[in-house]
Amino acid sequence: MSTKRNPYEAYSKTSLESEVAQASPHKLILMLFDGLLSAIKQAKTHMEAKRIAEKGMALSKAVAILEEGLRSSLDKEVGGELAENLDALYEYCSDRLIEANLKNKPELLDEVVKLLTPIRDAWETIGQPGYLQGEAPQPAAQPAAEAAPPENRNSPLSYGHV
């Protein structure tokens, strides 16, 4: 009996392992959020297609990421009230995922995604270069052709002196 290996899965696993090995703690949390939201999306697809076993596996993965990844990484001594609030939210979301699995309620999956997506997005934002040093993200520079000409041709701006 031969077992066929899927080269895409082997590549994906190796690529993910490499990314995890090189990731900062901040990036690891972002990866956990992305994996969690992906597992919930997969679970919803399986739920709607009535693929019960696959739905259960996807939701088990989502709960494991929440409990063993995100909740276990909280440091309540350092994080204080924020860490306590996140812990309560993660616990609530785990409960909702379990209930969604038991009762086949896709709206509960949507609720969890709605609660966690803003946190994931905020986590991504604070990871931007310069953000933690107090620098606001810079808007893209306006191309010279689109730049408005100075109102007063005698102003220093008309000569490139800024």
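So, here is what we can say about the structure in this document. Only a predicted model underlies this, so the values are computations on that prediction, with no experimental measurement involved.

Moving on: the overall build of the chain. Regarding its fold elements, the chain presents five helices and zero strands. Along the chain, helices and strands appear, N-terminal first, in the series α-α-α-α-α. With 162 residues in all, the chain has 25% of them scored as buried. A separation threshold of at least 6 residues defines the contact pool for the chain, and within that pool the share at least 24 residues apart is 56%. Summed over all atoms, the accessible surface of the chain reaches about 11,700 Å², with 56% contributed by carbon and sulfur.

To continue, consider the packing of helix 3 (residues 52-71) against helix 4 (residues 76-103). Relative to each other, helix 3 and helix 4 sit at 170°, their axes nearing to 10 Å. Compared by their axis directions, helix 3 and helix 4 come out roughly antiparallel. Every residue of helix 4 that contacts helix 3 at Lys-55, Gly-56, Leu-59, Ala-62, Val-63, Leu-66, Glu-67, Leu-70 and Arg-71 is listed here: Asp-87, Tyr-90, Glu-91, Cys-93, Ser-94, Leu-97, Ile-98 and Asn-101. Classifying every residue of the contact of helix 3 with helix 4 by side-chain character gives nine nonpolar, three polar and five charged.

This part is about helix 3. Compared with an ideal rise of 1.5 Å per residue, which puts 20 residues at 28 Å, helix 3 spans 27 Å between its outermost C-alpha atoms and is within 8% of the ideal. When helix 3 is considered as a whole, its buried residues turn out to be Lys-55, Gly-56, Ala-58, Leu-59, Ala-62, Val-63, Ile-65, Leu-66, Gly-69, Leu-70 and Arg-71. Next to the buried residues of helix 3 lie helix 2 (25-48), helix 4 and helix 5 (106-126).

Once that is clear, we can look at the pattern of salt bridges. For the structure shown, the criterion picks out 10 salt bridges. For Asp-87, the salt bridge identified is with Arg-71, shortest N-O distance 2.7 Å. Highlighted residues: Asp-87 in helix 4 and Arg-71 in helix 3, separated in sequence by 16 residues. By relative accessible area, which is 19% here, Arg-71 ends up buried. Of the charged contacts, one joins Arg-96 and Glu-111 as a salt bridge, the two residues approaching to 2.8 Å between their closest N and O atoms. Of the two residues, Arg-96 sits in helix 4 while Glu-111 sits in helix 5, which places them 15 residues apart along the sequence. The network of salt bridges with common partners includes Asp-34, Arg-120, Asp-121 and Glu-124.

The rules behind these values
- Residues numbered from 1 in each chain as written.
- Predicted model: local features only at pLDDT ≥ 70, side-chain atom pairs only at ≥ 80, totals over all residues.
- Heavy atoms only, no water.
- Helix = DSSP H or I, 4+ residues; strand = E, 2+ residues; numbered from the N terminus.
- Buried < 20%, exposed > 50% of the residue type's maximum accessible area, 1.4 Å probe, protein only.
- Contact = heavy atoms within 4.5 Å.
- Areas by Shrake-Rupley, 256 points an atom, 1.4 Å probe, with all protein chains shown as cover.
- Axes fitted to C-alpha atoms, helices over the stretch in contact; angles between N-to-C directions.
- Parallel < 35°, antiparallel > 145°, perpendicular 65-115°, else oblique.
- Nonpolar A, V, L, I, M, F, W, Y, C, P; charged D, E, K, R; others polar.
- Expected span 1.5 Å × (residues − 1).
- Salt bridge = Lys/Arg side-chain N within 4 Å of Asp/Glu carboxyl O.

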